[in-house]
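As a plain string of letters, each chain reads:
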Amino acid sequence: MRLRTALVGCGKVGHLHARALARLPESQFVAACDASAERAADFAARYGVAPFTDVRTMLRSAKVQAVCIATPHPLHAAPAIAAAEAGAHVLVEKPLAASLADGDAMLAAAARAGVMLAAVSQRRLFEPVRRVRAAIAAGQIGRPALGVVAMFNWRDEAYYRSDPWRGKWATEGGGVLVNQAPHQLDLLCWLMDDAIAEVSGYWANLNHPTIEVEDTAVALVRFRQGGLASITVSVSQKPGLFTKVHIHGTSGASVGVETDSGPSFIAGVSSVAAPPLNDLWTVPGEEHLLAQFQAEDRAHFAAIDATAHYHELQVRDFLQAILERRPPLVTGEEARTVVALITAVYRSQRERRPIPFPLAADMTS
Ligand SMILES: NC(=O)c1ccc[n+]([C@@H]2O[C@H](COP(=O)([O-])OP(=O)(O)OC[C@H]3O[C@@H](n4cnc5c(N)ncnc54)[C@H](O)[C@@H]3O)[C@@H](O)[C@H]2O)c1
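Residues numbered from 1 in each chain as written. Predicted model: local features only at pLDDT ≥ 70, side-chain atom pairs only at ≥ 80, totals over all residues. Heavy atoms only, no water.

Caption draft 1: Main features of the pattern of salt bridges. Enumeration according to the criterion identifies 19 salt bridges in this entry. Salt-bridge contacts for Lys12 lead to Asp163; the nearest nitrogen and oxygen are separated by 2.5 Å. Highlighted residues: Lys12 in the loop between strand 1 (3-8) and helix 1 (14-23) and Asp163 in the loop between helix 7 (157-161) and helix 8 (169-172), separated in sequence by 151 residues. Its salt-bridge partner being Lys244, residue Asp279 comes within 3.4 Å of it at the nearest N-O pair. Residue Asp279 is located in strand 13 (residues 277-281), and its partner Lys244 is located in strand 11 (residues 242-249); the two are separated by 35 residues in the primary sequence. For Asp279, a relative accessible area of 23% puts it in the partly exposed group. Residues joined by salt bridges that share partners form a network here, namely Lys12, Asp163 and Arg166. (Salt bridge = Lys/Arg side-chain N within 4 Å of Asp/Glu carboxyl O. Helix = DSSP H or I, 4+ residues; strand = E, 2+ residues; numbered from the N terminus. Buried < 20%, exposed > 50% of the residue type's maximum accessible area, 1.4 Å probe, protein only.)

Here it is as structure tokens:
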């Protein structure tokens, strides 16, 4: 069976969704919507679908059953809620929303309508990430005890000027925490496999005077079962160096992945230039496998278009989850955790205190 699918947000990452929706056997790609009539028409011509500038009109007249949302962060909620109210399942780009209030409204709308709300975090599908997750699930490091996220990335002024919404609190919702880091924050929470108990954090703008939002943030996380994590995420290193997620276990063994080597890719501007690789593997008796894992992943990387491949896998998981009536790879609830973590860092700096979880939306963040 094929689902009637549509896209909202015909911008840079929108192409990755459109390509997947046009190719996948579970999808009958029928419509594309953008606030700009020109962009909607361009996508419509390119992918052979109907163009729209109004989400509700599209959902109704194209009888959409599943929709991908790839609008700027503060504009995820409105089309997601409209889709849920029209009975369509929703896959939303990261982060779920730019605020907890938006995220909660999306979750409530999906629950009311009985539709799926899923979120993009395509790095979960990277082979070296799956390997880390499988080792943790098999108990090969004991319990995950200490997580480390380290992002030393770069974004230049041209990047922030490329779209009017970038770099501003009102239209981007935040900086590195909201835009670049959600991938690794999601991996951290997924791999630590525990609920957050408390977050302390700081953020700053170190060397991007032309933007309002933070280019750097550091945070400490305490998990319910006593695990800890440190987070340093920045787009201030020129050139971009690396982005890594390492998990150290109670047994003393460690597993880790360099998700991005050099600066992370910019959808529609650059492609994934180097393979994600395991860079740490001290599981007893398996230390020698690190070189083999890297060789396998280099060979796989050479055989795929990594920029599009993992989005396609995630869109496929979303469509198959609907058809199989099972949860998607990344649920709306899991994606809310990332928004809560980001919100807690902002709140911790503002209120000069550790922020206890669970976190509710408030009027100021
Ligand atoms: N998963 C990834 O690797 C990845 C990569 C890049 C971007 N993203 C995410 O995708 C989203 C979009 O990023 P982008 O770089 O493609 O931005 P973009 O500016 O290139 O595209 C956004 C599009 O949304 C359209 N739009 C704005 N408001 C709209 C509305 N109300 N209704 C319909 N269309 C509307 C804009 O006209 C534009 O065409 C963001 O959430 C971003 O974080 C994810």
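That was the structure; now back to the text.
Caption draft 2: Summary view of the packing of helix 1 against helix 12 (residues 306-324). It is at 9 Å that the axes of helix 1 and helix 12 come closest, and there the two elements cross at 55°. In terms of orientation, helix 1 lies oblique with respect to helix 12. Read as a crossing pair, helix 1 and helix 12 show a hand that is right-handed. Packed against helix 1, whose contacting residues are Leu16, His17, Arg19, Ala20, Leu21 and Arg23, the element helix 12 presents Thr307, Ala308, His311, Glu312, Val315 and Leu319 at the interface. Each residue belonging to the contact of helix 1 with helix 12 can be placed in one class, and the counts come to six nonpolar, three polar and three charged. (Axes fitted to C-alpha atoms, helices over the stretch in contact; angles between N-to-C directions. Parallel < 35°, antiparallel > 145°, perpendicular 65-115°, else oblique. Left-handed = near helix turned anticlockwise from the far one by under 90°. Contact = heavy atoms within 4.5 Å. Nonpolar A, V, L, I, M, F, W, Y, C, P; charged D, E, K, R; others polar.)

Purely spatial values, then, with no claim about function.
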